[in-house]
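What follows is each chain in one-letter form.
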Amino acid sequence: MKEANTVHHIFPVEFYPEYAFCNWNLIALSNEAHNKMHDRDTHEITAAGRELQARVYRDRLEFDQRQSPPVR
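All values derive from a computational prediction rather than experimental measurement.

Participant: Can you lay out the pattern of salt bridges for me, pointing to particular residues and giving the numbers?
Facilitator: The tally for this structure, following the rule as stated, stands at 3 salt bridges. The partner of lysine 36 in a salt bridge is glutamate 32, with the nearest N and O atoms 3.9 Å apart. With lysine 36 and glutamate 32 both in helix H1 (residues 31-37) and 4 residues apart, this pair spans about one turn of that helix. Residue classification places glutamate 32 among the partly exposed positions, given a relative accessible area of 39%. In this structure, arginine 55 and glutamate 51 form a salt bridge, with 3.0 Å as the shortest nitrogen-oxygen distance. Here glutamate 51 and arginine 55 lie together in helix H2 (residues 47-67), a separation of 4 residues that amounts to about one turn. Residue classification places arginine 55 among the partly exposed positions, given a relative accessible area of 37%. Assessed through its relative accessible area of 39%, glutamate 51 is described here as partly exposed. Among the ionic contacts, a cluster of salt bridges with common partners joins Lys2, Glu32 and Lys36.

Below, the structure is given as structure tokens:
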């Protein structure tokens, strides 16, 4: 296991500034793992980065549904 030394924004700040400091949008990664999330030159999200975004998005939806009061 590599040491996590980089904070990664799952949904990039340049496209999602409203999520910049949301705890659920931040993850600690090693430099190697961070480089697998997006192209360091173009900032384009890789397949691994998109998969992480989809997983976080699903988790957020499930969390929000559990926190909502039942509809009567």
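What follows picks up the thread again.
Participant: Would you mind going over the environment of phenylalanine 11 in detail, with residue names and values included?
Facilitator: Looking at the secondary structure, you find phenylalanine 11 in the loop between strand E1 (6-9) and strand E2 (26-29). Taking relative accessible area as the criterion, phenylalanine 11 reaches 10% and is therefore assigned buried. As for phenylalanine 11 and leucine 26, which are separated by 15 residues in sequence, their C-alpha atoms are 8.5 Å apart. When sequence neighbours within four positions are dropped, the list of residues in contact with phenylalanine 11 reads Tyr16, Tyr19, Trp24, Asn25, Gln53, Val56 and Tyr57.

Participant: Run through unusual backbone geometry, naming residues and quoting values.
Facilitator: Despite not being glycine, histidine 43 shows a phi value in the positive range, around 70°. You can see histidine 43 is positioned in the loop between H1 and H2.

Rules behind the numbers
- Residues numbered from 1 in each chain as written.
- Predicted model: local features only at pLDDT ≥ 70, side-chain atom pairs only at ≥ 80, totals over all residues.
- Heavy atoms only, no water.
- Salt bridge = Lys/Arg side-chain N within 4 Å of Asp/Glu carboxyl O.
- Helix = DSSP H or I, 4+ residues; strand = E, 2+ residues; numbered from the N terminus.
- Buried < 20%, exposed > 50% of the residue type's maximum accessible area, 1.4 Å probe, protein only.
- Contact = heavy atoms within 4.5 Å.

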